[in-house]
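Summary of the model geometry
For reference, the chains in residue letters:
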Amino acid sequence: FLLSGNMNPFEVLSIAEDYRIEVCEKKHSYSIPVQTEVERIWKKEKEARGDALYNGKLLSLLSMDATCLVGEVVDYKHFLAQHSDPSLFEKIKIVPVAVTGIVSVENKYLIGKRSKRVLTHQGLMEFVPSGGVEQGIMQSGTLYPSQQLLLELFEETGMELTVVEAITPFAVIKQGIQGPVDICAHIRLNPQALQHAAFPANEHLFFEWKTKEELYHDI
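Cut-offs applied
- Residues numbered from 1 in each chain as written.
- Predicted model: local features only at pLDDT ≥ 70, side-chain atom pairs only at ≥ 80, totals over all residues.
- Heavy atoms only, no water.
- Phe/Tyr/Trp six-rings, centres within 6.5 Å; stacked < 30°, edge-to-face > 60°.
- Helix = DSSP H or I, 4+ residues; strand = E, 2+ residues; numbered from the N terminus.
- Buried < 20%, exposed > 50% of the residue type's maximum accessible area, 1.4 Å probe, protein only.
- Pairing = 2+ DSSP bridges.
- Axes fitted to C-alpha atoms, helices over the stretch in contact; angles between N-to-C directions.
- Contact = heavy atoms within 4.5 Å.
- Salt bridge = Lys/Arg side-chain N within 4 Å of Asp/Glu carboxyl O.

**Structural notes on the packing of aromatic side chains**
Inspection of every chain in the model, using the stated rule, returns 2 aromatic pairs. Aromatic side chains Trp42 and Tyr76 sit 6.4 Å apart centroid to centroid with 80° between the ring planes, which places their arrangement in the edge-to-face category. Note that Trp42 is positioned in helix H1 (residues 32-49) and Tyr76 in helix H2 (residues 76-84), a separation of 34 residues in sequence. Plain terms: the ring middles of Tyr76 and Phe79 are 6.2 Å apart, the flat faces sit at 55° to each other, and that makes the pair tilted.

Here you go:
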């Protein structure tokens with residue numbers, strides 16, 4: 001079904017608990033004029049952001065259903081060019097795939113405030129962890145959202161993974177035509193997690209544990 005936002009509708013698809021991701025070899029190729037424009041934008045952004053900018057890999061959506069998402073590996077610089085100049089979407093057509101975890105301990109949920117170092121939605125509050133699929137596990141073949149979510153949880157918060165009791169995917173959310181696509185999962189931690197300090201990495205300014213009632217109030 002669709003949830004209408006202020007700018008783009010959200011398409012929400014319920015998924016199986018054993019949801020999987022199939023990674024394919026890159027299928028798209030780009031014309032010389034497109035490549036030239038990508039390199040121009042990359043050079044401009046690199047001059048502005050220096051070592052903070054790195055041309056890694058990300059996963060782009062090809063297709064999805066209730067049991068599986070199929071994606072291809074693409075260069076980050078192409079996504080950055082498309083983000084900087086939306087008119088390039090029809091030629092590049094990258095729809096980034098990410099994972100988002102809703103972390104809970106008893107009746108509390110982990111929320112983080114996004115820093116100014118991230119590309120989009122700076123300063124907004126979000127569920128933690130979230131992020132794209134890491135290049136290290138993005139090999140051709142099958143992977144599962146839990147693999148990436150465990151990496152994100154440790155990288156973003158420093159929390160010990162021994163506190164994780166279960167990771168249960170429940171939905172895929174796609175925003176508009178250009179995405180992004182988020183595979184959402186519930187991450188249940190044991191009560192000991194509340195005794196473990198969570199320290200923000202570059203993506204967040206701080207974390208908070210909030211009840212459902214507090215979240216409803218904030219919204």
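So that's the structure; there's more coming.
**Focus on unusual backbone geometry**
Residue Pro129 is bonded to the preceding Val128 through a cis peptide linkage, with omega at 5°. Tracing the chain through its elements places Pro129 in the loop between strand E8 (125-127) and strand E9 (130-132). In this structure, Lys93 is a non-glycine residue whose phi angle is positive, near 55°. Note that Lys93 resides in the loop between helix H3 (89-92) and strand E6 (97-105). Classification of Lys93 by relative accessible area gives partly exposed; the value is 41%. In this model, Glu106 sits at a positive phi of 55°, which is unusual for a non-glycine residue. Judged by relative accessible area, which is 59%, Glu106 ranks as exposed.

**Digging into the environment of Tyr144**
Mapped onto the fold, Tyr144 is located in the loop between strand E10 (141-143) and helix H4 (145-157). It is 26 Å that separates the C-alpha atoms of Tyr144 and Lys113, two residues lying 31 residues apart in sequence.

**Digging into the sheet that holds strand E5 (residues 68-75)**
Ordered in space as E4-E5-E3-E10, the 4 strands form an open sheet in which the pairing is mixed. In the strand order of this sheet, the two ends are held by strand E4 (57-64) and E10, each with one partner. Taken pair by pair, the neighbouring strands of this sheet meet at an average axis angle of 35°, ignoring direction. Relative to E5, strand E3 (residues 20-24) runs parallel, the two sharing 5 bridges. Residue Val23 lies in a different strand from E5, and its bridge partner there is Gly71. Contacting E4 and E5, H2 crosses the sheet at an angle of about 90° to E5.

**Some remarks on the pattern of salt bridges**
Within the structure shown, the criterion is met by 9 salt bridges. Between Glu45 and Arg49 there is a salt bridge; the shortest N-O distance is 3.7 Å. One end of the pair is Glu45 and the other is Arg49, both in helix H1 and 4 residues apart, which spans about a single turn. The exposure class assigned to Arg49 is partly exposed, which follows from its relative accessible area of 29%. Look at the salt bridges and you will find they share partners, linking Glu208, Lys210 and Asp218 into a network.

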